[in-house]
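Structure at a glance
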Amino acid sequence: MNYLEFRIFKDYPEIAAGITYRGDDFMHIDFHSETFLDSKAKLAAELGVLERDVYFVNQVHEKEIRMIESASQNDILSYDGLMTNCPEKLLVTCYADCVPLLFYDPEKNVVASVHSGWKGTIKKIGAEAVKKMQQEYGCHPSDILVGIGPSIGPCCFEVGEDVYKEFEQKIPVGAFQDKGKLFVDLWNANIEILLAAGVKRENIECKGICTCCHHDKYYSYRSGDKEAGRFAAFIMVK
Ligand SMILES: [Zn+2]
């Protein structure tokens with residue numbers, strides 16, 4: 001299985017992190033489909049973990065993040081992120097245009113995989129993850145590394161007035177206009193949220209890859225992958 005890696009995590013062989021490509025389909029709406037189970041088995045084999053140690057959430061565009069501490073938590077509940085400091089727990093979130101955020105604190109050995117769509121971005125789930133890493137594990141925001149994976153880019157995310165106004169009011173750096181059309185920049189918005197939470201700019205790597213422009217490589221809701229097709233963002237302490 002091929003996957004996209006982050007430069008920012010390269011110096012840390014004690015973790016595995018990446019983004020899968022189109023072809024490996026983690027359509028999480030049906031967790032029992034053959035396609036999903038095949039992709040899950042492939043990912044587990046690639047990373048050398050048992051399938052029971054691969055964790056998913058039922059992403060609901062809120063900002064709750066689940067802490068994984070034991071194998072008995074392998075049920076799929078309604079959360080938008082997973083966090084742990086336990087080894088060999090593979091944390092996976094699924095995507096077709098929303099923003100994948102992968103967190104690692106090398107000091108406390110804490111990882112998180114967090115789903116930040118436009119609703120999650122408005123709710124500042126990225127800051128929620130940083131806060132939870134501080135509260136639950138004693139992390140310092142200045143130690144935290146964040147990889148921002150491929151998602152719909154500012155080039156393709158034209159929005160209606162309602163969404164535009166929400167960004168304009170809550171995260172102004174995420175809203176802009178071009179030739180009379182309204183757009184949202186989820187990359188800038190998430191970077192801004194992370195900076196405000198205390199993450200250093202040099203500790204953030206934003207891939208800057210638009211899923212809609214590159215739907216040959218990634219799944220993209222806007223370019224047609226509505227009822228099927230999701231790629232995965234994963235992270236694990238080995
Ligand atoms: Zn684009």
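Scroll up to find the structure.
An account of the accompanying structure is given in this report. Since we're looking at a predicted model, the values are computed, not measured. (Residues numbered from 1 in each chain as written. Predicted model: local features only at pLDDT ≥ 70, side-chain atom pairs only at ≥ 80, totals over all residues.)

Considerations on the overall build of the protein
Basically, it comes down to this: Note on conventions: DSSP H or I runs of at least 4 residues are helices, E runs of at least 2 residues are strands, and numbering of each starts at the N terminus. Each radius of gyration is computed over the set of C-alpha atoms, and the globule rule expresses the reference value as 2.2 Å times the number of residues to the power 0.38. Whether a residue is buried, exposed or partly exposed is read from the other C-beta atoms within 10 Å of its own C-beta, which are placed from the backbone; 20 or more gives buried, 12 or fewer gives exposed, and intermediate counts give partly exposed. Two residues form a contact once the distance between their C-beta atoms, set from the backbone, is within 7 Å.
Scanning the protein for helices and strands turns up five helices and 13 strands. For 238 residues, the compact-globule estimate of 2.2 N^0.38 gives 18 Å, and the protein sits close to it at 17 Å. For the protein, with 238 residues in total, the buried portion stands at 45%. By sequence separation, contacts in the protein at least 24 residues apart represent 64% of the contacts at least 6 residues apart.

Remarks on the sheet that holds strand E13 (residues 231–237)
The test is simple: Note on pairing: DSSP must find at least two bridges between two strands before they are called paired.
The five strands are arranged E1-E2-E13-E6-E3 in an open sheet whose pairing can be described as mixed. Pairing within the sheet leaves two strands with one partner each, and these edge strands are strand E1 (3–4) and strand E3 (54–55). As paired strands, E3 and strand E6 (residues 90–95) are joined by two bridges and run parallel to one another. Residue pairing across strands places Val54 opposite Leu90, the latter belonging to E6.

A closer look at the sheet that holds strand E9 (residues 145–148)
Applied cut-off: As a rule, the C-alpha atoms of each element are fitted with a line to give its axis, helices using only the stretch in contact, and angles between N-to-C directions run from 0 to 180 degrees.
Pairing is mixed in the open sheet, where six strands are placed in the order E4-E5-E8-E7-E9-E12. Each of the sheet's edge strands pairs with one partner strand only, and the pair in question is strand E4 (66–67) and strand E12 (204–206). Relative to strand E8 (residues 110–116), strand E7 (residues 99–105) is paired through seven bridges, and the arrangement is antiparallel. From the neighbouring strand, Val99 faces E8, where its bridge partner is Ser116. Sitting on the sheet, helix H3 (residues 125–137) is in contact with E4, strand E5 (81–84), E7 and E8, with an inclination near 155 degrees to E8. Across the sheet, helix H5 (residues 186–196) lies against E7, E8, E9 and E12, angled at about 175 degrees from E12, the strand it touches most.

Things to note about the nonpolar core
As a rule of thumb, soluble globular proteins bury nonpolar side chains together. Put simply, the test is: Each nonpolar core reported here comprises buried Ala, Val, Leu, Ile, Met, Phe, Trp, Tyr and Cys residues connected via C-beta atoms within 7 Å.
Core analysis: the biggest nonpolar cluster contains 68 residues, and Leu91, Phe103, Ala112, Ala129 and Phe234 have the highest contact counts within it. Top contributing element to this core by residue count: E13, with seven residues.

A closer look at the pairing of strand E2 (residues 15–20)
Here E2 lies mainly inside the structure; five of its six residues are buried. Both E1 and E2 contribute to a ladder of two bridges, which runs antiparallel. Within E2, the residue paired with Tyr3 across the bridge is Thr20. Sheet topology note: the E2/E13 ladder contains five bridges and is antiparallel. When the bridges of E13 are listed, Ile19 appears paired with Ala233.

Examining the pairing of E13
Within E13, seven of the seven residues are buried, leaving the element largely enclosed by the surrounding structure. Residues Phe231, Ala233, Ile235 and Val237 point to one face of E13 and Ala232, Phe234 and Met236 to the other, with burial holding for every one of them. For E6 and E13, the ladder comprises five bridges, and the chain directions are antiparallel. Following the sheet pairing, Thr93 is matched in E13 by Ala233.

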